[in-house]
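Close look at the chain arrangement
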Amino acid sequence: MSSTRSTSALLYLSGVTVSFDGFKALNNLSLLVEPGEMRAIIGPNGAGKTTMMDVVTGKTRPDTGEVVFDGRADLTKLDEASIATLGIGRKFQKPTVFENHTVRDNLVLALAGLRKWHSLLLAAPTKAENDRLAEILSIIRMEEQQHMLGARLSHGQKQWLEIGMLLAQDPKLLLVDEPVAGMTDVETETTAQVLREINKTHSVVVVEHDMSFVRALGVKVTVLHEGSMLAEGTLDQVSADQRVVEVYLGR
Amino acid sequence: MITRFLWRGMDRNVRLFVLLVLAIGIALPLLNQLVPPGSPFHVPAWLMQLMGKYLCYALLALAVDLVWGFCGILSLGHGAFFALGGYCMGMYLMRQIGSRGVYGNPLLPDFMVFLNYKELPWFWYGFNHFWFAMIMVVVVPSLLALALGWFAFRSRVTGVYLSIITQAMTFALMLAFFRNDMGLGGNNGMTDFKEILGFSVQADGTRAALYFASAVALALGLVISAAIVGSRFGKALTAVRDAESRMRFLGYRVEGYKLFVFVLSAAMAGVAGALYVPQVGIINPSEFSPANSIEAVLWVAVGGRGTMIGPVIGAIIVNFGKTWLTGALPEVWLFALGALFIVVTLLLPKGVVGLWGQIKARSQAKKARAPA
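Residues numbered from 1 in each chain as written. Chains lettered and ligands numbered in written order. Predicted model: local features only at pLDDT ≥ 70, side-chain atom pairs only at ≥ 80, totals over all residues.

The next point concerns the overall build of chain B. Scanning chain B from terminus to terminus reveals 14 helices and four strands. Expected size for 372 residues packed as a compact globule is a radius of gyration near 21 Å; at 22 Å, chain B falls within 12% of this value. Here the C-alpha coordinates of chain B stretch approximately 80 × 60 × 40 Å along the principal axes. For chain B, the proportion of its 372 residues judged to be buried stands at 43%. Contacts in chain B between residues at least 24 apart in sequence constitute 77% of all its contacts with a sequence separation of at least 6. (Helix = DSSP H or I, 4+ residues; strand = E, 2+ residues; numbered from the N terminus. Rg over C-alpha atoms; globule rule 2.2 N^0.38 Å. Buried ≥ 20, exposed ≤ 12 C-beta atoms within 10 Å, placed from the backbone. Contact = placed C-beta atoms within 7 Å.)

Shown next as structure tokens:
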């Protein structure tokens, strides 16, 4: 098995299997995400959605299978930090901002660029960085709160800050885990708009339960079931698929 | 805006505190040397020596706080780094004794003559030079921290497991240093020092200088720690403390951050130990005792974890209490220590330094309610 294989896909998973104590969280999963694409991944609980994200971001090592990013990087051999540096950003289901840091400092930490400990010791903010911070603060509409501690933000504000952090990180591929959990209908609609906006310049993979949200995104959908791909296509196509209906309703 | 103001205020506080440490560092020796005994302003040598000891403890506490308070690494083995620095200084002081020892051997320290050593062990070479010993004071604890940290942080050993490893490390070192064939004085350790840089260690003038050096070392430690914590590195460091895996997903190689502060902190502890030994006049394996390391953590907790001033105040308060209680009611000390730990954990999560903020917040809340 060659570690670098050429593929036009931005993210290429082939035959990925992960088992925990005999339970196969992912079972021979294959998936292709093209550059510039936005993909929604749905599936019932335990279908392996989060495990797939863990494999891509280096948190979990697959037992077998290939995971290739950008046609050359073998993600199964890299750790979280290297994968993040390659350009894969992740937004967690629960918003995780740094609670003891200000909004601005949260963004500074996420800002693409300096990551090594020795380069940070004497680092001073550059004009380019300050401009970028101002830009992001205005996109997420948090200029007023920029000196507020992360712990004092509301749930919604934390979600926005986390999206701001992803923008600061400027990854090629964004993995977004259940972005609208616990949101109102209006917030859900706004989040879909924001993701579509982000998708203009970034590739995005969204894992979500909420069907109306997936419909609002209007993108290609992959259905996972018991660690494998069950169906792929538009939301209408997969909804018409008999096996998908059984998985969702037939229990 | 308020938080920013507070941060700035904190920086000013640290600056003032550093000046205070230096002022006390200058004032006490002057009051000892220039004011004649009998004057109410005369500072006796014993008090200066006691304060010098406390300043060394304060530097150790600051070192513990740097890793625990700002990076979340609860080290229960910092006493080992302190003791190693002390041993390096002790080896220098032993070699300064020369032929004035009981056995009068010009090369071998007394305990080696007593144990029938024929020649100086290899690791004693160079310690007759002050500069060499001073380099070793920093290098030996740093290397140990580097080795331990390298393996532990790479393997992602965190939390209580890391604490246990550090505790085991100091315990193992204690057992090793107790052995006579280590060539480091065995259970008696090293004592009966005569001179440091040609000055008698017993002389008041030398004591004053050592005390002053301790104050300078503490001030320097504070300035370095504050600069690190205040930098962008410091922001990343506290972020590692609060959400380590999040930092990894942002692309930070967390191990490097931890290793840097752990090694720096070990070096600070080593310097503290080196200043401690000539002031107390002895170094023996009991300095490696696990209880010492735990006590150092307690000083930080009492003073205020994650603050610059807290560990210094905590170390001085607790050790003052220890000196007083072990003199007045020796059997009560350990109970008092235990009680202190419980009280601090339950009532003062941010230590004595945090108490000020708690009182202020309460009075403000009262004021806010009053007009209604």
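The number of helices and strands found in chain A is ten helices and ten strands. Taken over the C-alpha trace, chain A has a radius of gyration of 19 Å; the compact-globule value for 251 residues is 18 Å, and the two agree within 12%. The buried share among the 251 residues of chain A stands at 41%. Long-range pairs, those at least 24 residues apart, make up 67% of the contacts in chain A with a sequence separation of at least 6.

For the rest of this paragraph, the subject is the interface of chain B and chain A. Contacts between the two partners involve 22 residues from chain B and, on the opposite side, 26 residues from chain A. Only α1 (2-33), α8 (232-242), α9 (244-249) and α10 (254-280) of chain B provide two or more residues apiece to the side of chain B that touches chain A. Broken down by element, the residue count for the side of chain B that touches chain A peaks at seven residues, all from α8 of chain B. Counted by class, the side of chain B that touches chain A contains ten nonpolar, five polar and seven charged residues. (Nonpolar A, V, L, I, M, F, W, Y, C, P; charged D, E, K, R; others polar.)

What follows concerns the nonpolar core. Leu59, Leu60, Ala61 and Ala272 of chain B are the most contacted members of the largest nonpolar core, which totals 171 residues. Broken down by element, this core gets its largest block of residues, 18 residues, from helix α2 (residues 45-71) of chain B. (Core = buried A, V, L, I, M, F, W, Y, C linked by C-beta atoms within 7 Å.)

Further remarks concern the pairing of strand β1 (residues 11-20) of chain A. Residue and element names in this part refer to chain A. Sheet analysis places β1 next to strand β2 (residues 23-33), joined by seven bridges and oriented antiparallel. In the strand pairing of β2, phenylalanine 20 is matched with phenylalanine 23. Taking the residues between adjacent antiparallel strands as the criterion, β1 and β2 are bridged by two residues, where aspartate 21 takes a positive phi near 50°. Inspection of the sheet shows β1 paired to strand β4 (residues 64-69) by five bridges, in the antiparallel sense. In the strand pairing of β4, tyrosine 12 is matched with valine 68. (Pairing = 2+ DSSP bridges.)

A word on helix α3 (residues 103-110) of chain A. With eight of eight residues buried, α3 of chain A lies mostly within the body of the structure. Of all the positions in α3 of chain A, only Val103, Arg104, Asp105, Asn106, Leu107, Val108, Leu109 and Ala110 of chain A are classed as buried. Close packing links the buried residues of α3 of chain A with α5 (127-139) and α6 (155-169) of chain A together with α8 of chain B.

All names here are of chain B. In the predicted model, chain B carries a mean pLDDT of 90, and the fraction of residues at 70 or more is 97%. Within the model, the stretch residues 1-10 combines pLDDT values under 50 with six contacts to residues more than four positions away or in other chains. Scoring the predicted complex yields pTM 0.89 and, for the interface, ipTM 0.84. (pLDDT = per-residue confidence, 0-100.)

In this section: the sheet that holds β1 of chain A. On the basis of which strands lie adjacent, the open sheet formed by four strands has the order β2-β1-β4-β5 (chain A) and antiparallel pairing. The two strands at the open ends of the sheet, each matched to only one other strand, are β2 and β5 (73-74) of chain A.

In this section: the domain arrangement of chain A. All names here are of chain A. Taken domain by domain, chain A consists of domain 1 (1-87 + 171-251) and domain 2 (97-169). On a C-alpha basis, the centroid separation for the pair domain 1 and domain 2 is 26 Å. The partner domain 2 presents six residues to the six residues of domain 1 that form the contact. Looking at side-chain class alone, the side of domain 1 that touches domain 2 contains three nonpolar, two polar and one charged residues. (Domains from an automatic or database assignment.)

Our next topic: unusual backbone geometry. All names here are of chain B. Unlike most non-glycine residues, arginine 156 shows phi in positive territory, near 60°. One non-glycine residue, leucine 197, lies in positive phi territory at about 55°. With respect to the secondary-structure elements, leucine 197 resides in the loop between β2 (195-196) and β3 (199-200).

Across a sheet, paired strands are connected by hydrogen bonds in the backbone, their directions being either parallel or antiparallel. Residue and element names in this part refer to chain A. Pairing within the open sheet is mixed, and its six strands lie in the order β6-β7-β8-β3-β9-β10. Each edge of the sheet is formed by a strand with only one pairing partner; in this case those strands are β6 (88-91) and β10 (228-233). Strand-to-strand, the axes of this sheet are offset by a mean angle of 20°, without reference to chain direction. Taken together, the five bridges between strand β9 (residues 220-225) and β10 define a ladder with antiparallel strand orientation. For leucine 224, the partnering residue across the bridge sits in β10 and is methionine 229. (Axes fitted to C-alpha atoms, helices over the stretch in contact; angles between N-to-C directions.)

The subject of this paragraph is the packing of α3 of chain A against α8 of chain B. Where α3 of chain A meets α8 of chain B, the closest approach of the two axes is 10 Å, and the angle between their N-to-C directions is 95°. Classed by the angle they form, the pair α3 of chain A and α8 of chain B counts as roughly perpendicular. Counting all contacts with α3 of chain A, which are made through Asp105, Val108 and Leu109 of chain A, the residues of α8 of chain B involved are Arg232, Lys235, Ala236 and Ala239 of chain B. In terms of residue class, the contact of α3 of chain A with α8 of chain B is built from four nonpolar, no polar and three charged. (Parallel < 35°, antiparallel > 145°, perpendicular 65-115°, else oblique.)

The next point concerns the confidence of the model for chain A. Interpretation of this model should avoid reading the predicted coordinates in detail wherever pLDDT is low. Overall, the prediction assigns chain A a mean pLDDT of 86, with 96% of residues at 70 or greater. No element of chain A has a lower mean pLDDT than helix α10 (residues 242-249) of chain A, which averages 81, and none a higher one than α3 of chain A, which averages 93.

This brings us to the packing of helix α3 (residues 78-97) of chain B against helix α11 (residues 290-303) of chain B. Residues and elements named next belong to chain B. Across the interface, α3 lies against α11 with an axial gap of 7 Å and an inter-helix angle of 110°. Here α11 runs roughly perpendicular to α3, going by the angle between their axes. Contact residues: His78, Gly79 and Ala80 in α3; Asn292, Ser293 and Ala296 in α11.

Before going further, it helps to spend a moment on the pairing of strand β8 (residues 203-207) of chain A. All names here are of chain A. The buried fraction of β8 amounts to five of the five residues, a majority that puts the element mostly inside the structure. On β8, burial covers both faces: Ser203, Val205 and Val207 on one face and Val204 and Val206 on the other are all buried. Relative to β8, strand β3 (residues 38-42) runs parallel, the two sharing four bridges. Bridging from a neighbouring strand, alanine 40 pairs with valine 206 of β8. Each parallel crossover has a hand, and the one from strand β7 (residues 173-177) via helix α7 (residues 185-199) to β8 is right-handed. (Right-handed = clockwise from strand over helix to strand, strands pointing away.)

Taken across its eleven residues, α8 of chain B has nine buried, putting it largely inside the fold. Among the residues of α8 of chain B, those classed as buried are Phe233, Gly234, Lys235, Ala236, Leu237, Thr238, Ala239, Val240 and Arg241 of chain B.

On to the environment of phenylalanine 69 of chain A. Of note, phenylalanine 69 of chain A is situated in strand β4. Those residues in contact with phenylalanine 69 of chain A that sit more than four places away from it in its chain are Leu11, Leu75, Leu86 and Ile88 of chain A.

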